[in-house]
Amino acid sequence: MKDLQTSDLPFYRPVADECDVFETAHANGLPLLLKGPTGCGKTRFVEHMAARLGLPLHTVACHDDLSAADLIGRYLLKGGETVWVDGPLTRAVREGGICYLDEVVEARKDVTVVLHPLTDDRRRLVMDRTGEELEAPKPFMLVASYNPGYQNILKKLKPSTRQRFISIGFDFPAPEVETPVVMRESRLDEARATALVRLAGKIRALSGMDLEEGVSTRLLIYAATMIARGMAVDRAIEAAIIEPLSDEPDVQQALRDLAAVIY
Ligand code: ADP
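Residues numbered from 1 in each chain as written. Predicted model: local features only at pLDDT ≥ 70, side-chain atom pairs only at ≥ 80, totals over all residues. Heavy atoms only, no water.

Caption draft 1: Main features of a negative patch on the surface. A cluster of acidic residues, D210, E243, D247, E248 and D250, forms a negative patch at the surface. Along the chain, D247 falls in the loop between helix 10 (233-245) and helix 11 (249-262). (Patch = residues over 30% accessible without salt bridge, like charges linked within 9 Å, V, L, I, M, F, W, Y side chains within 5 Å. Areas by Shrake-Rupley, 256 points an atom, 1.4 Å probe, with all protein chains shown as cover. Salt bridge = Lys/Arg side-chain N within 4 Å of Asp/Glu carboxyl O. Lys, Arg positive; Asp, Glu negative; His and termini not counted. Charge placed at Lys NZ, Arg CZ, Asp CG, Glu CD. Helix = DSSP H or I, 4+ residues; strand = E, 2+ residues; numbered from the N terminus.)

And the structure:
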């Protein structure tokens, strides 16, 4: 592990033993899956761990058009010549770094075919276009995330893929973790950060009923940042929490009522 001061690392406040699980998975060449709602700290966790282990990080935000070629690489025309350009997964394998596939379920099916030989004891990247087969060096690690909360039945991770990963379940942090995170990221004072986190708890209790998903830590930090810069609390909550969470006037009003109880 690189000898880095904690303060040099991207700030991440552990919730449980996730740092140990990550380090053990990495030391043993095991791929890792982070499950949890959007905006709860998964990406920050990976950034923190990559820096802590002194490894280059290649992050890919997966989308429904993302194909195996986007990860592996492709031939491109450059100045009249056709040259091979490595994709982020290939670069991570060659460098012995971390490849983080954010929202992996969104990607096209052919991506799974590439991931399977990389996520078992073969640890091989098969590049069918160039005919190369790379053996992943020891430091290489594959990390993926997905959000089990989405109700899309077509976008579930197949058991045959899930069962190739060590998994950590993430959720929104408990208030004693989330409040200092919100304070640190936004520079908002403790009293007002505590009130926002309390509001988040009330809103999250509604998720699954009127709301598809509860308010993320990310949105709380946005609201806190606006308040810390002098915006009125109700305006900041409207713009950073209520509008992003729902388009339904009834639900928006219910959220305003919750905020009114706290403020
Ligand atoms: P995800 O990848 O789960 O969608 P992010 O990692 O982008 O979410 O988290 C959103 C924001 O929340 C981060 O930018 C960070 O400011 C903050 N955050 C959430 N949890 C933590 C934590 N445990 N420690 C530090 N920051 C956190």
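Still more ground to cover, so stick around.
Caption draft 2: Structural context of the site of the ligand. As a structural note, the neighbourhood of the ligand is formed by 16 residues, with R13, G39, T43, R44 and E185 the closest of them. Contacts to the ligand include R218, whose side-chain N or O atom sits 3.0 Å from an oxygen atom. Summarising the interface, the protein chains cover 91% of the accessible area of the ligand, which totals 560 Å² for the free molecule. Those elements giving two or more residues to the shell around the ligand turn out to be helix 2 (42-53), helix 7 (175-186) and helix 9 (217-228). For the shell around the ligand, the class distribution of residues is 6 nonpolar, 5 polar and 5 charged. (Near = heavy atom within 4 Å. Polar contact = N/O pair within 3.5 Å; in protein donor to acceptor, adjacent residues only side chain to side chain. Nonpolar A, V, L, I, M, F, W, Y, C, P; charged D, E, K, R; others polar.)

Caption draft 3: The arrangement of the environment of V15 in detail. Topologically, V15 is positioned in the segment before helix 1 (18-27). For V15, the contacting residues outside a window of four places in its chain are P173 and V177. (Contact = heavy atoms within 4.5 Å.)

Caption draft 4: The arrangement of unusual backbone geometry in detail. You will see that R123, though not glycine, has its phi angle at about 45°, which is positive. Considering the arrangement of structural elements, one finds R123 in the loop between helix 5 (110-118) and strand 6 (124-127). Positive phi is not limited to glycine here, since R187 has a value of about 70°. Using a relative accessible area of 63% as the deciding quantity, one classes R187 as exposed. (Buried < 20%, exposed > 50% of the residue type's maximum accessible area, 1.4 Å probe, protein only.)

Caption draft 5: Structural context of the packing of aromatic side chains. Considering all chains together, one arrives at 4 aromatic pairs under this definition. With a centroid separation of 5.4 Å and an interplanar angle of 50°, the aromatic rings of F45 and F170 are classed as tilted. You can see F45 sitting in helix 2 and its partner F170 sitting in the loop between strand 9 (166-169) and helix 7, a full 125 residues away along the chain. F170 carries the same exposure label as F45, and that label is buried. Linked through ring pairs, Y12, F22, F45 and F170 together constitute an aromatic cluster. Positioned above the aromatic ring of F11 is the side chain of R184, whose terminal nitrogen or guanidinium carbon lies 4.2 Å from the ring centre. (Phe/Tyr/Trp six-rings, centres within 6.5 Å; stacked < 30°, edge-to-face > 60°. Lys NZ or Arg CZ within 6 Å of the ring centre and 35° of its normal.)

Caption draft 6: How the structure looks around the packing of helix 7 against helix 9. Relative to each other, helix 7 and helix 9 sit at 50°, their axes nearing to 9 Å. Looking at the two axes, helix 7 sits oblique to helix 9. Taken as a pair, helix 7 and helix 9 cross one another with a handedness that is right-handed. Each of E178, V181, V182, E185 and S186 in helix 7 lies in contact with helix 9, whose residues at this interface are T217, L220, I221, A224, T225 and A228. Considered class by class, the residues forming the contact of helix 7 with helix 9 number 6 nonpolar, 3 polar and 2 charged. (Axes fitted to C-alpha atoms, helices over the stretch in contact; angles between N-to-C directions. Parallel < 35°, antiparallel > 145°, perpendicular 65-115°, else oblique. Left-handed = near helix turned anticlockwise from the far one by under 90°.)

Caption draft 7: Broad picture of the pattern of salt bridges. On inspection of all chains with the given rule, the structure shows 14 salt bridges. The residue D65 makes a salt bridge to R108 at a minimum N-O spacing of 3.6 Å. Placement of D65 in the loop between strand 2 (57-61) and helix 3 (68-72) and of R108 in the loop between strand 5 (98-102) and helix 5 is noted, with a sequence separation of 43 residues between them. Here R124 ties to E133 by a salt bridge, and the two come within 2.6 Å at their closest N and O atoms. On the accessibility criterion, R124 (24% relative accessible area) is partly exposed.

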